[in-house]
Amino acid sequence: MDPIELRETMPALESGAYFNWGAGGPSPRRVVEAAESALESHEFEAPTNEGQYPAAFDAYDEARDAIADLLGSAPAEIALTESTTDGINRVAGALDWDGGDTVVRTDLEHAAGVLPWQRLERERGVDVQVLETERGRLALEDVKAAAEDATLFCVSSLTWTHGTRLPVSEIVDIAHGAGALVLVDAVQAPGQSPVDVREWGADFVVAAGHKWLVSPFGSGFMYVRDGVASEHDLVPAAIGYRSVVDPDATDYEYAPGAGRFEVGTASPAPHAGLAESIRALEEIGLGTIESRIERLTDWLKDGVSDDRLLSPRGFESGLVTIDVDDPEATVERLSEDGIVVRSLPTPDAIRASVHAFNTCEDVDQLLEALVTAYP
């Protein structure tokens with residue numbers, strides 16, 4: 001299937017030029033229909049057939065299989081969540097923190113990768129170190145220096161601020177060599193570029209389907225490296241019948257691995273939509289998607305001057321950050337022209353997210369509007 005074939009089934013793209021995939025990806029009809037079908041089957045058919053709980057668990061299993069295939073992991077290493085923020089909080093709540101622990105993050109993290117650590121700093125006395133970066137780049141020498149005292153590193157695989165790729169596998173090697181764990185916020189990667197969690201070697205990888213994977217809100221997921229839960233005696237902050245081996249046992253036992261991070265009853269609909277969206281993107285081919293994003297991103301960057309372009313000139317992702325005089329006013333002005341981008345808090349700029357479902361005409365429309373505003 002060609003990307004444009006799938007685009008033509010996305011009602012949100014029938015008018016205007018959409019460049020905000022890094023925040024939310026409009027779903028194709030087949031994805032919404034899959035979510036609707038799962039909900040209808042669960043509510044209309046399952047009660048008097050296999051039962052609502054078995055039906056939901058079948059949907060959970062199907063989603064885990066699809067996510068594991070996407071990430072290069074085993075299904076048992078996948079936990080279903082609501083969002084990236086939810087996944088990070090589940091990890092933050094599972095470690096036994098004290099005032100002698102240190103979390104290291106970069107200054108490129110989204111609020112999802114900032115607030116949980118601020119709370120630990122406030123409530124548990126955990127030290128939070130922030131690695132400073134330059135135009136979306138992280139120096140490995142700074143990682144090595146911080147690793148000496150680190151308990152856990154929290155880093156993004158693709159930065160939401162600049163669209164740069166951080167050297168995840170190198171960071172993991174350094175952190176593990178010093179005895180620290182690594183949590184990767186990967187939400188900007190799946191759906192626009194291939195992801196191999198085995199290659200990264202991280203202990204936790206969190207993401208969600210509602211951006212580049214064009215899935216419904218609520219379709220979050222996390223990878224928990226095999227063995228890490230038992231090695232570090234991880235005890236999640238919440239517990240429920242999905243967290244344990246036998247919910248009716250006198251003495252409960254946490255499920256091994258990622259399973260302990262799931263809690264209780266949840267709608268099967270969002271993750272049924274996610275499984276369908278993964279199938280759709282795999283029909284196109286993730287390599288094809290990334291190649292098209294690269295071509296369209298290059299097209300956009302060619303029309304942006306060096307003093308305005310804050311993302312790398314060479315391709316790293318579909319996230320393109322552009323310096324403008326008044327980001328919020330620019331977003332409003334572009335919206336009036338039917339062009340959707342977003343402003344960023346840091347750097348003070350706008351960000352255009354280019355997916356394979358954009359067209360050259362979309363890019364030309366954005367460039368023409370920017371040239372008009374900033375000749």
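Residues numbered from 1 in each chain as written. Predicted model: local features only at pLDDT ≥ 70, side-chain atom pairs only at ≥ 80, totals over all residues. Heavy atoms only, no water.

**Side note on the overall build of the chain**
Step number 1: Looking only at helices and strands, the chain features 13 helices and twelve strands.
Step number 2: Over its C-alpha atoms the chain spans a radius of gyration of 21 Å, differing by no more than 12% from the 21 Å that the globule rule assigns to 375 residues.
Step number 3: Its C-alpha atoms give the chain principal-axis dimensions of roughly 70 × 55 × 30 Å.
Step number 4: Every one of the 375 residues in the chain was classed for burial, and the buried ones make up 56%.
Step number 5: Pairs at least 24 residues apart make up 69% of the contacts formed inside the chain by residues separated by at least 6 positions.
Step number 6: Here the chain displays about 15,900 Å² of accessible surface, and carbon together with sulfur accounts for 47% of that area. (Helix = DSSP H or I, 4+ residues; strand = E, 2+ residues; numbered from the N terminus. Rg over C-alpha atoms; globule rule 2.2 N^0.38 Å. Buried < 20%, exposed > 50% of the residue type's maximum accessible area, 1.4 Å probe, protein only. Contact = heavy atoms within 4.5 Å. Areas by Shrake-Rupley, 256 points an atom, 1.4 Å probe, with all protein chains shown as cover.)

**Focus on helix α10 (residues 269-284)**
Step number 1: When the terminal C-alpha atoms of α10 are compared, their 23 Å separation across 16 residues agrees well with the 22 Å that a helix rising 1.5 Å per residue should span.
Step number 2: With 13 of 16 residues buried, α10 lies mostly within the body of the structure.
Step number 3: Where α10 ends, the next residue or the one after it, G285, has phi of about 105°, a positive value. (Expected span 1.5 Å × (residues − 1).)

**Looking at the sheet that holds strand β12 (residues 349-353)**
Strand pairs in the sheet, formed through backbone hydrogen bonds, run parallel or antiparallel to each other.
Step number 1: The three strands lie next to each other as β9-β12-β11, forming an open sheet whose pairing is antiparallel. On the outer flanks of this sheet lie β9 (319-322) and β11 (342-344), each paired with one strand and no other. In this sheet, neighbouring strand axes are inclined to one another by 35° on average, regardless of whether the strands run parallel or antiparallel.
Step number 2: In terms of strand pairing, β11 meets β12 through three bridges, oriented antiparallel. Its bridge partner being in β12, S343 is matched across the sheet by I350. (Pairing = 2+ DSSP bridges. Axes fitted to C-alpha atoms, helices over the stretch in contact; angles between N-to-C directions.)

**Things to note about the pattern of salt bridges**
Opposite charge on two side chains makes pairing possible when the charged atoms of those side chains draw close.
Step number 1: Evaluated as defined, the whole model comprises 17 salt bridges.
Step number 2: The closest approach of N and O atoms between D203 and R225, which form a salt bridge, is 2.8 Å. Here D203 is found in the loop between α8 (197-200) and β7 (204-208), whereas its partner R225 is found in the loop between β8 (220-224) and α9 (228-231), with 22 residues between them in sequence.
Step number 3: Exposure remark for D203: the relative accessible area of 1% places this residue in the buried category.
Step number 4: The structure contains a network of salt bridges with shared partners spanning R30, E62, E276, R279 and E283. (Salt bridge = Lys/Arg side-chain N within 4 Å of Asp/Glu carboxyl O.)

**Description of the environment of A59**
Step number 1: By the secondary structure assignment, A59 is in helix α3 (residues 52-71).
Step number 2: Considered as a pair, A59 and A38 are 21 residues apart in the sequence and their alpha carbons are 7.9 Å apart.

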